[in-house]
Amino acid sequence: MKPTNSPKTYRVKSFGCQMNVYDGERMAELLGEQGIVPAPEGEEADLVVLNTCHIREKAAEKVYSDIGRLTKAGRKVGKEPLIAVAGCVAQAEGEEIMARSPAVSMVVGPQAYHRLPEMLEKAVKGERATDTDMPAIAKFAALPARKKRFPTAFLTVQEGCDKFCTYCVVPYTRGAEISRPFADLVDEALRLADQGVREITLLGQNVNAWSGSNAEGDEIGLDGLIRELAKIPELQRIRYTTSHPNDFYNGLVRCHAEVYKLMPYLHLPVQSGSDRVLKAMNRSHTAESYLRLLEEVRAARPDIALSGDFIVGFPGETEAEFEETLALVEEVKYAQAFSFKYSPRPGTPAATMDGQIPREVMDERLQRLQAALNRHQLAFNEASVGKTCEVLVERKGKLPGQWLGKSPWLQSVWFEGECEIGDMVEVELVEAGPNSLAGKLRETVAA
Ligand code: 5AD
Ligand code: SF4
């Protein structure tokens, strides 16, 4: 590669999950520390970080097409950007990316991105660099302090996964489960609150597996962490995602009943309603044990909005087994959900299982599942009409005087009136759509 000038502008493009969004923000902060600024809207950046996702096929394909598009656009203006590929595709296919895409000068895994500045120094000299080490927690200590000018923020508390669901690449790309230390998390939350953040979403691949010791040296779980963060006066809302049914415990259920800052929303993936499929997926819970758990959570917090993840067309899934998934959906009545066609991931046990399902069958099942999930989402939104709730104002709407915020149940709410980003306002929900609600502003709740 040819040596080049030090980049002045950057753009970080994150794909996939919220953990990647968090990592993307932290990489942006890191580049900011180097004196590099975000590229103005509509302009090509000198440095582009593609923060990739490997969970399903399409995401990886998007990365290669993005690299192509960036190089072409760069050539047009006579300056090809420096390209760094980060995230889970970088972790899983680092060598392949380097071989396949000469335009890429840096490949950096999700546990190594704190070393981006050193790699950048090399890249400017024309040297290509790959770093896909997994040094557990070192990354967080090496990152600059958070800078955030938005009322909501993610906070990664736990990373990695030891569950080895047979379809999933995460245990290979994100490594083993680790929890960030309690004190670091409280520090980061305090700093965010100081900068105007009012709502924090605690993130982890298995966030409810978080454990640590508190200031007194006592072992605590995610419930203890939530209770501690709830003491920060400026923080008005706490959420967490994603949970695994097997790591759920009474203390966390009780938190939903007792901690009013913990929002009434739970994302608890089930993947399938068939016990045979769940076993083949190595989920180690049954449809029944999952439903019992939800019953407990609903008893603790009756208005809780439930959300889940589903995979259709797992190898060997029969029509009758798929119908068990539909039956579970009818029973739970999710407020929101994410559903996917099974995508074989190289190196995972399910990729070589017998009974791979034809694409047309998967398409048809996904359509039926999504029709049911959409019906329940709309019904949940319609049932909210008439309620008055607090809405955290996140941004301006499309029309003048219009605002957009989130209800406690994570619904998007549009309304008009006098307020500012970051305000907590009382809104009456007056009309429901499938993806959002219209509201009427009542009053601003003192922050
Ligand atoms: N194919 C389809 N969906 C998958 N997920 C994870 N791995 C795969 C795969 N190989 C889904 C699961 C998980 C969500 C983050 O992505 O539903 O909960
Ligand atoms: Fe993947 Fe299963 Fe771990 Fe979730 S729990 S990240 S689906 S292996």
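Since we're looking at a predicted model, the values are computed, not measured.

## What about the environment of phenylalanine 154?
Link 1 in the chain: Residue position: phenylalanine 154 is located in strand β7 (residues 152-156).
Link 2 in the chain: Owing to a relative accessible area of 17%, phenylalanine 154 belongs among the buried residues under this scheme.
Link 3 in the chain: In sequence terms phenylalanine 154 and glycine 175 are 21 residues apart; their C-alpha atoms lie 20 Å from each other.
Link 4 in the chain: When neighbours within four sequence positions are excluded, phenylalanine 154 is seen to be in contact with Gln18, Val21, Tyr22, Arg146, Leu192, Thr201 and Leu203.

## Description of the domain arrangement of the protein
Reports often express the size of an interface as the amount of accessible area lost when the parts come together.
Link 1 in the chain: Taken domain by domain, the protein consists of domain 1 (9-131), domain 2 (145-263), domain 3 (299-384) and domain 4 (388-446).
Link 2 in the chain: For domain 2 versus domain 4, the distance between C-alpha centres works out to 26 Å.
Link 3 in the chain: If you look at the interface, domain 2 gives nine residues, while domain 4 gives 13 residues.
Link 4 in the chain: The contact between domain 2 and domain 4 buries some 830 Å² in all, and 60% of this surface belongs to carbon and sulfur atoms.
Link 5 in the chain: Here domain 2 and domain 4 share zero salt bridges between them.
Link 6 in the chain: Run the count over domain 2 and domain 4 and you get four residue pairs in polar contact (both at pLDDT 80 or more).
Link 7 in the chain: Residues of the side of domain 2 that touches domain 4, tallied by class, amount to three nonpolar, two polar and four charged.

## Digging into empty space enclosed by the protein
With a probe scaled to a water molecule rolled over the atoms, the places where space remains empty come into view.
Link 1 in the chain: Applying the stated criterion across every chain, the model contains one cavity of 30 Å³ or more.
Link 2 in the chain: Size it by volume and the largest cavity reaches roughly 30 Å³.
Link 3 in the chain: Forming the boundary of the largest cavity are Glu44, Ala45, Val48, Leu70, Gly74, Lys79 and Pro81.
Link 4 in the chain: Of the residues in the lining of the largest cavity, the class split is four nonpolar, one polar and two charged.

## Quick word on the site of ligand 1
Link 1 in the chain: For ligand 1, the full set of nearby residues is Ile55, Arg56, Tyr167, Gln271, Asp309, Ile311, Phe340, Lys341, Tyr342, Ser343 and Arg345.
Link 2 in the chain: Here ligand 1 loses 87% of its free accessible area of 400 Å² to cover by the protein chains.
Link 3 in the chain: For the shell around ligand 1, the secondary structure elements donating two or more residues are β15 (305-312) and β16 (336-341).
Link 4 in the chain: Of the residues belonging to the shell around ligand 1, the class tally is five nonpolar, two polar and four charged.

## Remarks on helix α11 (residues 287-300)
Link 1 in the chain: Between its terminal C-alpha atoms α11 stretches 20 Å, which fits the 20 Å expected from 14 residues at 1.5 Å a residue.
Link 2 in the chain: Along α11, the positions that sit buried rather than exposed are Ala287, Tyr290, Leu291, Leu293, Leu294 and Val297. Seen end-on, α11 carries its buried residues on one side only, within an arc spanning 155°. Exposed residues pointing more than 90 degrees away from the buried face of α11 are listed as Glu295 and Ala299.
Link 3 in the chain: Contacts made by the buried residues of α11 are with α9 (250-258), β14 (265-267), α10 (275-280), β15 and α12 (319-332).

## A word on the nonpolar core
Link 1 in the chain: One finds Leu202, Ile226, Tyr240 and Tyr334 to be the most contacted residues of the largest nonpolar core, which totals 80 residues.
Link 2 in the chain: Ignoring anything within four residues of it in the chain, the contact list for tyrosine 334 reads Val270, Tyr290, Leu306, Ser307, Gly308, Phe310, Leu328, Val329, Leu373, His376 and Gln377.
Link 3 in the chain: In this structure, Ala39, Leu50, Val85 and Val107 belong to the second largest nonpolar core, which totals 20 residues.

## Quick word on the packing of helix α8 (residues 222-229) against α9
Link 1 in the chain: Viewed as axis vectors pointing N to C, α8 and α9 meet at an angle of 25°, and their least axial separation amounts to 8 Å. Between α8 and α9, the angle is such that the two are roughly parallel. Within the contact between the two elements, α8 uses Leu222, Asp223, Ile226 and Arg227 and α9 uses Gly251, Leu252, Arg254, Cys255 and Glu258.
Link 2 in the chain: Across the contact of α8 with α9, the residue classes break down as four nonpolar, one polar and four charged.

## A look at the site of ligand 2
Link 1 in the chain: What surrounds ligand 2 is the set Cys161, Lys163, Phe164, Cys165, Tyr167, Cys168, Val170, Pro171, Asn206, His244 and Arg283.
Link 2 in the chain: For the shell around ligand 2, the residue count by class is seven nonpolar, two polar and two charged.

## Focus: the sheet that holds β16
Link 1 in the chain: Here we have three strands laid out as an open sheet, ordered β14-β15-β16, and parallel in their pairing. Both outer strands of the open sheet, β14 and β16, are each paired with one neighbouring strand and no more. This sheet shows a mean twist of 10° between the axes of neighbouring strands, independent of strand direction.
Link 2 in the chain: Judged from the six bridges that link them, β15 and β16 form a sheet pairing that is parallel. The partner of serine 307 across the bridge, within β16, is glutamine 336.
Link 3 in the chain: Across the sheet, helix α13 (residues 359-384) lies against β15 and β16, angled at about 175° from β16, the strand it touches most.

About the thresholds
- Residues numbered from 1 in each chain as written.
- Chains lettered and ligands numbered in written order.
- Predicted model: local features only at pLDDT ≥ 70, side-chain atom pairs only at ≥ 80, totals over all residues.
- Heavy atoms only, no water.
- Helix = DSSP H or I, 4+ residues; strand = E, 2+ residues; numbered from the N terminus.
- Buried < 20%, exposed > 50% of the residue type's maximum accessible area, 1.4 Å probe, protein only.
- Contact = heavy atoms within 4.5 Å.
- Domains from an automatic or database assignment.
- Buried area = accessible area lost by both parts, 1.4 Å probe.
- Salt bridge = Lys/Arg side-chain N within 4 Å of Asp/Glu carboxyl O.
- Polar contact = N/O pair within 3.5 Å; in protein donor to acceptor, adjacent residues only side chain to side chain.
- Nonpolar A, V, L, I, M, F, W, Y, C, P; charged D, E, K, R; others polar.
- 1 Å grid on protein atoms, 1.4 Å probe; cavity = no way out; pocket = protein on both sides within 12 Å on 5 of 7 lines; lining within 4 Å.
- Points joined across faces, edges and corners; volume = space filled by probe spheres on them.
- Near = heavy atom within 4 Å.
- Areas by Shrake-Rupley, 256 points an atom, 1.4 Å probe, with all protein chains shown as cover.
- Expected span 1.5 Å × (residues − 1).
- Arc of directions from axis to C-beta.
- Core = buried A, V, L, I, M, F, W, Y, C linked by side-chain atoms within 4.5 Å.
- Axes fitted to C-alpha atoms, helices over the stretch in contact; angles between N-to-C directions.
- Parallel < 35°, antiparallel > 145°, perpendicular 65-115°, else oblique.
- Pairing = 2+ DSSP bridges.

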